Structure formats: C-alpha cells, structure tokens
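Summary of the model geometry
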Amino acid sequence: MTLEGKSLIGQQTVSGKAGKIRGIDPATGEPLEPAYAGAGQAEVELACELAWAAFDSYRETALEARAAFLETIASEIEATGESLIQRAMAETGLPQARIEGERGRTCGQLRLFASVVRAGEWLDVRIDPALPERQPMPRVDLRQRHIALGPVAVFGASNFPLAFSVAGGDTASALAAGCPVVVKAHSAHPGTSEQVGRAVQAAVAKCQLPEGVFSLLFGAGNEIGQALVSDARIKAVGFTGSRRGGTALMTTARMRPEPIPVYAEMSSINPVFLLPRALEARGQALAEGFVGSLNMGAGQFCTNPGLVVGVKGPHLDTFVEAAGKAVAASAAQVMLTPGIHSAYENGIGALSAHARVREVARGQVGETPNRCQSGLFVTSATDFLAEPVLQEEVFGSTSLVIECTDSDEMHRVAERLEGQLTVTLQLDDGDIEAARALLPTLERRAGRVLVNGWPTGVEVCHAMVHGGPFPATSDSRTTSVGSAAIQRFLRPVCYQNLPQGLLPEALRDDNPLGISRLMDGKRDA
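Residues numbered from 1 in each chain as written. Predicted model: local features only at pLDDT ≥ 70, side-chain atom pairs only at ≥ 80, totals over all residues. Heavy atoms only, no water.

- Under an unreviewed UniProt entry, the name given to the protein chain is 2,5-dioxovalerate dehydrogenase, and the organism recorded is Billgrantia endophytica.
- The UniProt entry for the protein chain carries this comment under Sequence similarities (unreviewed entry): "Belongs to the aldehyde dehydrogenase family." (UniProt positions renumbered as here; feature names shortened; annotations may be inferred.)

Next comes the structure, spelled out in structure tokens:
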C-alpha cells in the first residue's frame, strides 16, 4: 500500500495545514516516510460534522448489517497483508510474531463484537405492559431499550499499534453500539494507522454506510485532541495512555457546556502478593515466572507487574536473589519510542537515586538506541507507605519489591494502594485463609484479581474486565476489553404508551428481532 500521509475524513483524504509528523524507527532512531500533515480545527470540524450527520442513520442500522460491517473491517485489515506487519514493526520495534498476534487479536475482537451485536442482548430490552385494571392505580405501558450515545472520539495508544488503536477495542465497541467514531491516531505509528484507517474506510464504502461513520485524524501536540473532545457533537471519549494525558482530557470534557464521559485507561503498577506458603514452596519458580512477565514486550504493557509484596525473611530473600539474577541476565529490548525510552530512564533513575530504595539488579545495557535496561529494586513496607512517589508507574521492565514485617503490614500496603487494573495472589493450599482475608481489599483496589498466574496478557472474551478504580481508569464501572465494553457507549431510553407502529423493532410485541427480553420481570427468550 502506498502511504499518502493524509487524514481520512469520511471517504475523503485530506491534507491538514498544521505541523508535520513522521514515524520513527526506534531501533535506529531514523525517521520514516511519508510525513503526515497535522489536522487542524477545519479538519476536526469536518470530521465531527460528518459523524453527527451519520449518527441517527447508523445507530438504527439492522443488527445483521452492523455485524457484517464489523466483520468486513476485520477482513479488510487482514487483506492489507505483509505491508501492515512490516510497517508496524518499523514504527514500534516490536517483533513480527507480536505484531501478527496483535493483528489477530484486533480482528478477533471485531468479530466478537459482531456476534454481540447479532445477539442483541446489549439492547437490554425491558417491557412492562399496561395494567389498566390495577388497583389502586393503573400502570401505563413502559418499554426500555439502550441506544448509542453519539459520535465517539478515540485516541490511539502508543503500546498497541493495532489492538488499542485505530480499529482497536474502543473503536470496535463504539461502532458495535451504533456510534460513529473519529480517531486521533497516535503520532508514534502514523503509517500503521493510515493502513488500518483505509481498511475501515473501505469497509464503510463496501457496506454502503454513511461516510461519517469513521474518520481518522493525524496531528502532534495536544491541540487537536482538545479540539476533538471540546466539539459539541462528540458525546464520549475512549483513551489509553498516561495519567497526565487522560486527566487533561477529563478536565476538558468536564468543562464543556454539556459534560461527556471519558473512558480513560491510564496508570497501573499491578501488584503481586507472594503469600508465605507459596513463597516457601516455589520461590525460585516464582522468580522466573515474574521476570518473564516483567520483561515481556520490554515491560510496555498496562498490566506489567511493577510491584511485588511479600513478608520479609529467608524465603523472600531467595525470591529476590533469583529474580535479581534473572534480571541481570535480561537482554536490553527496543522500546516503542524515543519519548517512552526517555521517560523510562527518568523513572528508573529516580528509583536508583531514592534514599529509601535499594537496587538489586539491572539488566544488560543496549548497544543501539532506545533500549530498555531492566531493573529490580527493594524497599521496606514502612518506607513505601511513607513515600507516595514509590507508587508511581515506571513504564517499562522495572519492578519494586516491598518487604513487609508480617501479614498485618501486607494488609496495610494493600489498603494504601491506588486503583489498579490487576492484582495477583501467588498462593498454595496453606495460604487460602490468608488470601481470604486479603480478597475484600483487593477487590476494592482492582478490576481483575488473579491467582497463580501473571497479569501480562488480557483475554478478549465476555467475562474479561480491563478496568479498575482511579488512576487505573477514569471510571471503575466499565471495561475497555471484552464484550461488556459496548456498555460504555450506550444509554437507556424508556418509551411510554407508544403505539406499535412507532416503537423500535426491539420493543414491538411480535419481537421481530428474536432477541431475549425481560417481559414483566421474566425472561421471554
């Protein structure tokens, strides 16, 4: 595919007049062609105008038509073939297997949402028929369904050029809900974004949908993102990135004349609790598994285990020693961007310089640009509790071990943790009661609780929760992965005493869609 370096607005290709951006090969530091002209206010205005014009039509598309659209996007992405894989590798430094796997996940979640749309349960239809003879007061006919919120602004993520970007989970779930999408591409992988954007654009045309169902904007800096979130026609935001970026968008959304929800995934250190019996029985194996998880993808996963909590003693010492040796042997991996590498170096430098933190090990030094040197550090629970800065995320393959004097201090650490995407319990049979005591606190702190696994890796399925209390996400009631993600972009509407001819199909007596409905409090299908 020949890249043009232009924004995709509806079915048009548009060259903006703002500053240009280029992808950079992080393995070499070399800029990549072409340059992408940044969109400005005029391009934001056009994309939002088209999205709003498409909204009422698109949100009422037949379930089968919308599901087919999502499947067509997946097929179009697959049709880009090797071109997409090679460009994504060049722009991120990620290996081919990772990019191919991420493409599979991206297309898989589009097809998952197609099946969700067809089933229709997301409409959450509830019908309470009229009871004119009820005493002391009759009941009117009341029927409820969920409808799409409106056009959604989606911000591509730096660490997932496919699965959390142009056609990633936020876009897939918003389109499934019936919301047109305007994507702000991440500046680190513009070529990858253009190829995926053209696949979505082609699917819109093939399915004969209104052109405003999808647009893709390029641009550096904060101006375009702020302009997009400020536009009155945008009704929700999907974001994956830093706490600073997410909270800035939340502020903009809150200050609008009509505030809108921002579903932001931001910061998480994903603590791992090593319970005593498990630590005693398999400390060496736990250390190996931990470092494998820590080093995956140079630690650039939102579920990377950045904190380990255990009771001080010889068994924790064994774990730390084994983990330190594994970290010291770890090869330096290319990080996604020079900016991410610089931020990582600053974060690990702050840990190294902290008076209450002891360095255990550092990984091998890279010989080429933007290489992540792994790190392992230790501090006491007392110092951790006294120093809020030690909870700050270091985005990369570095972790901090917290030494607790006893289980009570481990509980105090758990209580003081910020909101997390995940918490992990490493336990054996003898730890069940200790885990039971911790579990209520951990449920309050995270969206996903794991036992005897590692948090890196998020399954795309119906039961998954990828969310958590702030600052992990901006709204702990939601998930950005899994079929429940569609709920973020819906709202309920109640219809009172409407004649059958005015009712949406999902609410009519004959149930032409054949979907499951709650009829007078009982499930009818």
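**Focus on the nonpolar core**
- The biggest cluster of nonpolar side chains holds 102 residues, and the ones touching the most others in it are Phe69, Ile73, Ile77, Phe273, Phe384 and Ile402.
- When residues are assigned to domains, this core turns out to be shared by domain 1 (7-21 + 29-266 + 476-488) and domain 2 (271-451), each giving three or more.
- Aside from chain neighbours lying at most four places away, what touches Phe69 is Tyr58, Leu175, Val200, Ala203, Val204, Cys207, Leu209 and Val213. (Core = buried A, V, L, I, M, F, W, Y, C linked by side-chain atoms within 4.5 Å. Buried < 20%, exposed > 50% of the residue type's maximum accessible area, 1.4 Å probe, protein only. Domains from an automatic or database assignment. Contact = heavy atoms within 4.5 Å.)

**A short note on the UniProt feature "domain: Aldehyde dehydrogenase" (unreviewed entry) in the protein chain**
- On the UniProt side, "domain: Aldehyde dehydrogenase" (unreviewed entry) is annotated at positions that read residues 16-468 here.
- The straight-line gap between the two end C-alpha atoms of residues 16-468 is 37 Å; of that span, 44% is helix and 19% is strand. (Helix = DSSP H or I, 4+ residues; strand = E, 2+ residues; numbered from the N terminus.)

**Here we look at the sheet that holds strand 8 (residues 142-148)**
- The mixed open sheet is built from five strands, whose spatial order is 23-8-7-24-25. The open sheet terminates on both sides in strands that have one partner only, identified here as strand 23 (490-496) and strand 25 (522-523).
- Note: strand 8 against strand 23, seven bridges, orientation antiparallel. Residue pairing in the sheet places Ala148 in a bridge with Leu490 of strand 23. (Pairing = 2+ DSSP bridges.)

**Details of unusual backbone geometry**
- Along the chain, Glu33 connects to Pro34 via a cis peptide bond; the corresponding omega equals 0°.
- Among the secondary structure elements, Pro34 is positioned in the loop between strand 5 (30-31) and strand 6 (36-38).
- Cis peptide bonds are those with omega within 30 degrees of zero, and the linkage from Gln135 to Pro136 qualifies with 10°.
- We note that Ala298 has phi near 60°; this positive angle belongs to a residue other than glycine.

**Remarks on the pairing of strand 10 (residues 181-184)**
- Burial along strand 10 is two-sided: the face carrying Val181 and Val183 and the face carrying Val182 and Lys184 are both buried.
- Pairing geometry for strand 9 (residues 152-155) and strand 10, over four bridges, is parallel. Among the inter-strand pairings, Val152 is bridged to a residue of strand 10, identified as Val181.
- Handedness of the β-α-β unit built from strand 9, helix 5 (residues 169-177) and strand 10 comes out right-handed.
- In the sheet, strand 10 pairs with strand 11 (residues 214-217) via four bridges, with the strands oriented parallel. Across the sheet, Lys184 pairs through a bridge with Leu217, a residue of strand 11.
- Traced from strand 10 through helix 6 (residues 190-206) to strand 11, the parallel crossover comes out right-handed. (Right-handed = clockwise from strand over helix to strand, strands pointing away.)

**A word on the environment of Leu275**
- Position of Leu275 among the secondary structure elements: in the loop between strand 14 (271-274) and helix 9 (276-295).
- Excluding residues that lie within four positions of it along the chain, Leu275 makes contacts with Met410, Leu425, Gln426, Leu427, Asp431, Ala434, Ala435 and Leu438.

**Considering the packing of aromatic side chains**
- In the structure shown here, the tally under the stated rule is nine aromatic pairs.
- Arranged with centres 6.2 Å apart and planes meeting at 85°, the rings of Tyr58 and Phe69 form a pair that is edge-to-face. With Tyr58 in helix 1 (residues 41-58) and Phe69 in helix 2 (residues 63-79), this residue pair connects regions lying 11 residues apart in the sequence.
- What makes Tyr58 buried here is its relative accessible area of 0%.
- The ring of Tyr58 carries the charged tip of Arg66 above its face, separated from the ring centre by 5.6 Å.
- Arg98 extends its terminal NZ or CZ atom over the ring of Phe160, reaching a point 4.8 Å from the ring centre. (Phe/Tyr/Trp six-rings, centres within 6.5 Å; stacked < 30°, edge-to-face > 60°. Lys NZ or Arg CZ within 6 Å of the ring centre and 35° of its normal.)

**Brief notes about the pattern of salt bridges**
- For the coordinates displayed, the defined rule picks out 33 salt bridges.
- Put simply, Lys325 and Glu321 hold a salt bridge, and the shortest N to O gap is 3.6 Å. Pair noted here: Lys325 and Glu321 are both in helix 10 (residues 314-328), with a separation of four residues, about one helical turn.
- Overlapping salt bridges, with partners in common, bring together Asp56, Arg59, Glu60 and Arg145 in one network. (Salt bridge = Lys/Arg side-chain N within 4 Å of Asp/Glu carboxyl O.)

**Things to note about the side chain of Asn370**
- Note on placement: Asn370 falls in the loop between strand 17 (358-362) and strand 18 (371-372).
- Looking at Asn370, its side chain comes within polar contact range of the main-chain oxygen of Pro26, at 2.9 Å.
- Excluding its chain neighbours within four sequence positions, the residues that come into contact with Asn370 are Pro26, Gln333, Val334, Met335, Thr337, Pro338 and His341. (Polar contact = N/O pair within 3.5 Å; in protein donor to acceptor, adjacent residues only side chain to side chain.)

**Concerning helix 8 (residues 243-255)**
- Over its 13 residues, helix 8 extends 18 Å from the first C-alpha to the last, a length consistent with the 18 Å expected when each residue adds 1.5 Å.
- Listed as buried for helix 8 are Gly246, Leu249, Met250, Thr252 and Ala253. Axial view of helix 8: buried residues confined to an arc of 165°, hence all on one face. Exposed side chains of helix 8 directed beyond 90 degrees from the buried face belong to Arg244, Arg254 and Met255. (Expected span 1.5 Å × (residues − 1). Arc of directions from axis to C-beta.)

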